[in-house]
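A look at the structure
What follows is the residue order along each chain.
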Amino acid sequence: MQTKRFGLCAALSAAALLLLAGCAGSGSTAAPTLTVESSYPLQYAKQFTVDECTGGYELITIADSQYLVVPQGAAVPEDLPQGTTVLQQPIENIYLVSTSAMDPIISLGALDSIALSGTKADGWYLPEAKAAMQAGQIAYAGKYSAPDYETILASGCGLAIENTMIYHTPEVKEQLEKFGIPVLVERSSYETDPLARMEWVKLYGILLGKQQEAEQLFETQVQRVAPLENQQPTGKTVAFFSITSNNLVTVRKGSDYVARMIEMAGGSYVFADLTDNGNNLATINLSLEDFYAGARDADVLLYNSTIEGSIASTEQLVEKCPLLAQFKAVQNGNVWCTAQSLFQQSMELPDLILDMNRVFTEGTPADSELTFLTHVE
């Protein structure tokens, strides 16, 4: 009798377990497995890659970090690589610290995905960003090193987009992540080709569900400068620089994307041989004497207004550095000043390339024909 009773209990227990398992399984789905199908094609960008996975998942790799974009309503796969940051779509209420990301997002018509800015309204040269902040649609939430955590948490922030400056204050990144806010550190500034920098629009297209729009936008911009590929070099030598308040001259390294833009426009950058001096900065400071030796005979001087402000006349330029009065380009009236919005308008780099090409080939085009350059008389 004991044996029969035990057998009956065991049978009942097994049936109950099956019933419970059936009830549990009837309303749930097992987490999917992440399977890479293909690599997303990128033409120029080297600082990020994207693996396209089954089910519409996208695995983004930036340096040593990975980010999985999970489609809206989809489950998070169970076998993610350790340390992977999950970005569940729709990605909303972004805290945007990296200024170079704003223009691609605006270009995609996704400004409403940004709720918070690490730049104040008066720091934006992009009219759409400035207007959104002035209207209260985007709130200032502190700079990268001192974010306003209370404001960020109250906004329901779904993502913080930082640049590599965040690594100077790693505790901020850690704190944001402790609060459950994913942090994406973008590296577009490390791209050495202007088209590579613009191709980051595809990453934002993937994040914000506007992949097709991003691809079309990028292709349109690439085609604008495509005709320059068949043109012969103009033979014009060019210096791109600014003068600091402590009497040094800031120039771009020869491997920098600005040097590449000059080359694409048909010019020859006079400091092309300046290489990395042990840091990742795109610029290097020269003494006035070294700058004089390298740029005195340059055909064209392009003054970078984004560091110390714009210049309105050659007299003002010479006041900054009397040696410049002896420069060939100053004497020939071939000095140009960039717009201060230049480095925020990352999707308009073809305009600067075309501007430079006009200056190199036409001599003195009217300012009305140019977007980023103004003739300094």
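Small disclaimer: the values here were computed from a predicted structure and weren't measured.

Reading guide: rules and limits
- Residues numbered from 1 in each chain as written.
- Predicted model: local features only at pLDDT ≥ 70, side-chain atom pairs only at ≥ 80, totals over all residues.
- Heavy atoms only, no water.
- Helix = DSSP H or I, 4+ residues; strand = E, 2+ residues; numbered from the N terminus.
- Rg over C-alpha atoms; globule rule 2.2 N^0.38 Å.
- Contact = heavy atoms within 4.5 Å.
- Lys, Arg positive; Asp, Glu negative; His and termini not counted.
- Charge placed at Lys NZ, Arg CZ, Asp CG, Glu CD.
- Pairing = 2+ DSSP bridges.
- Axes fitted to C-alpha atoms, helices over the stretch in contact; angles between N-to-C directions.
- pLDDT = per-residue confidence, 0-100.
- Salt bridge = Lys/Arg side-chain N within 4 Å of Asp/Glu carboxyl O.
- Disulfide = S-S within 2.5 Å.
- Buried < 20%, exposed > 50% of the residue type's maximum accessible area, 1.4 Å probe, protein only.
- Core = buried A, V, L, I, M, F, W, Y, C linked by side-chain atoms within 4.5 Å.

A count of helices and strands for the protein gives 14 helices and 17 strands. Taken over the C-alpha trace, the protein has a radius of gyration of 27 Å; the compact-globule value for 377 residues is 21 Å, which it surpasses by more than 25%. Principal-axis analysis of the C-alpha atoms gives the protein an extent of 115 × 45 × 40 Å. Intrachain contacts of the protein at a sequence separation of at least 6 include 60% that bridge at least 24 residues. Taking the average place of the 21 positive charges on the side chains of the protein and the average place of its 44 negative ones, the gap between the two points comes to 5 Å.

Right, let's talk about the sheet that holds strand 2 (residues 48–53) for a bit. With mixed pairing, five strands are arranged side by side in an open sheet as 1-2-3-4-5. If you trace the sheet from one side to the other, it starts and ends with strand 1 (36–39) and strand 5 (85–88), each paired once. Adjacent strand axes in the sheet meet at a mean angle of 25° when their direction is disregarded. Judged from the four bridges that link them, strand 4 (residues 65–70) and strand 5 form a sheet pairing that is parallel. By the bridge assignment for strand 5, Tyr 67 is matched with Thr 85.

Taken as a whole, the protein shows an average pLDDT of 91; of its residues, 91% reach a score of 70 or greater. Low pLDDT, under 50, characterises residues 1–28; the stretch is placed with zero contacts to residues that sit more than four places away or in other chains.

Sheet architecture is open: five strands sit in the order 8-7-6-9-10, paired in parallel fashion. Of all the strands in the sheet, just strand 8 (139–140) and strand 10 (183–185) have a single pairing partner and so form its edges. Pairing geometry for strand 7 (residues 114–117) and strand 8, over two bridges, is parallel. The partner of Leu 116 across the bridge, within strand 8, is Ala 139. Contacting strand 9 (159–162) and strand 10, helix 5 (residues 170–178) runs over the sheet at an angle of about 145° to strand 10.

As enumerated under the stated definition, the model contains nine salt bridges in all. With a closest N to O distance of 2.8 Å, Glu 177 and Lys 173 form a salt bridge. Of this pair, Glu 177 and Lys 173 both sit in helix 5, four residues apart, which is roughly one turn of the helix. The partner of Arg 224 in a salt bridge is Asp 351, and the shortest N-O contact between them spans 2.6 Å. Taken together, the positions of Arg 224 in helix 8 (residues 211–225) and Asp 351 in helix 14 (residues 349–362) put the pair 127 residues apart, joining distant regions of the chain. Overlapping salt bridges bring together Asp 193, Arg 260 and Glu 263 as one network.

What follows covers the state of the cysteines. Applying the stated criterion to the full structure yields zero disulfides. Not part of a disulfide, Cys 337 finds its nearest cysteine sulfur in Cys 321, a span of 15 Å. Judged by relative accessible area, which is 4%, Cys 337 ranks as buried.

With that settled, the discussion passes to the environment of Leu 68. Along the chain, Leu 68 turns up in strand 4. Given the relative accessible area of 0%, Leu 68 is considered buried. Sequence spacing of Leu 68 and Val 50 is 18 residues, and the spatial spacing of their C-alpha atoms is 9.5 Å. Apart from the residues lying within four places of it in its own chain, the contact partners of Leu 68 are Leu 34, Tyr 57, Glu 58, Leu 59, Pro 77, Leu 80, Thr 84, Thr 85, Val 86 and Leu 87.

Before going further, it helps to examine the nonpolar core. Counting residues in each nonpolar core, the largest one holds 106 residues, and the members touching the most others are Leu 207, Phe 241, Phe 291, Leu 301 and Leu 324. When residues in this core are grouped by element, the largest group, seven residues, is from helix 14. For Leu 324, the residues in contact, after removing those within four places along its chain, are Phe 241, Ile 243, Phe 291, Leu 301, Leu 317, Val 318 and Val 330.

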